[in-house]
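# What the coordinates show
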Amino acid sequence: MLTDKQSLILCATVALGFSACGIIGILDNYAVIGLLVVCFLVIIANILIIKSKKEFYEQTDELDNSDQNEI
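As the structure is a computational prediction, the values presented were derived from the model and not from experiment.

Taken together, the side chains of Tyr-30, Ile-33, Val-37, Phe-40, Leu-41, Ile-44, Ile-47 and Leu-48 define a hydrophobic patch exposed on the protein surface, amounting to about 790 Å² of accessible area. Residue placement: Ile-44 occurs in helix H2 (residues 30–70). Judged by its relative accessible area of 33%, Ile-44 falls in the partly exposed class.

Our next topic: the environment of Asn-29. On the secondary structure map, Asn-29 appears in the loop between helix H1 (4–24) and H2. One polar contact links the side chain of Asn-29 to the main-chain amide nitrogen of Ala-31, over a distance of 3.2 Å.

Attention shifts here to the state of the cysteines. Counted by the stated rule, this structure contains 0 disulfides. Cys-39 provides the cysteine sulfur closest to Cys-21, a residue in no disulfide bond, and the two sulfurs are 11 Å apart. Cysteine Cys-39 remains unbridged, with the sulfur of Cys-11 as its closest cysteine sulfur at 10 Å.

Within the secondary structure, Ser-7 sits in helix H1. Judged by its relative accessible area of 16%, Ser-7 falls in the buried class. In this structure, Ser-7 is in contact with Leu-2 and Asn-46, ignoring residues within four places of it in sequence.

Turning to the environment of Val-37, a few remarks are in order. Residue position: Val-37 is located in helix H2. Val-37 sits 19 residues away from Phe-18 along the chain, and the two C-alpha atoms are 9.8 Å apart.

Turning to H1, a few remarks are in order. With 21 residues, H1 should cover 30 Å at 1.5 Å per step; its first-to-last C-alpha distance of 30 Å lies within 8% of that length. Within the sequence span of H1, burial applies to Ser-7, Leu-10, Val-14, Gly-17 and Cys-21. Angular distribution of buried residues about the axis of H1 spans 90°; they occupy a single face of the element. Away from the buried face of H1 by more than 90 degrees, exposed residues Asp-4, Lys-5, Leu-8, Ile-9, Leu-16 and Ile-23 are located.

Definitions and limits used
Residues numbered from 1 in each chain as written. Predicted model: local features only at pLDDT ≥ 70, side-chain atom pairs only at ≥ 80, totals over all residues. Heavy atoms only, no water. Patch = residues over 30% accessible without salt bridge, like charges linked within 9 Å, V, L, I, M, F, W, Y side chains within 5 Å. Areas by Shrake-Rupley, 256 points an atom, 1.4 Å probe, with all protein chains shown as cover. Salt bridge = Lys/Arg side-chain N within 4 Å of Asp/Glu carboxyl O. Helix = DSSP H or I, 4+ residues; strand = E, 2+ residues; numbered from the N terminus. Buried < 20%, exposed > 50% of the residue type's maximum accessible area, 1.4 Å probe, protein only. Polar contact = N/O pair within 3.5 Å; in protein donor to acceptor, adjacent residues only side chain to side chain. Disulfide = S-S within 2.5 Å. Contact = heavy atoms within 4.5 Å. Expected span 1.5 Å × (residues − 1). Arc of directions from axis to C-beta.

Right, dumping it as structure tokens:
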């Protein structure tokens, strides 16, 4: 979904966004909260997607290796 560099940029943006909005005092605005929460959920979804793909490829590699050992 996202590359490593894009993920780091998005994480930094969300962290700085929460900090800056908290200092300025605009975290009471629902649009600001919504935007930051959506960005945070994108980060979490990206982590879950990458982890599930990694586990899937590890399982298929194990199955392929076990098939080759039987031959």
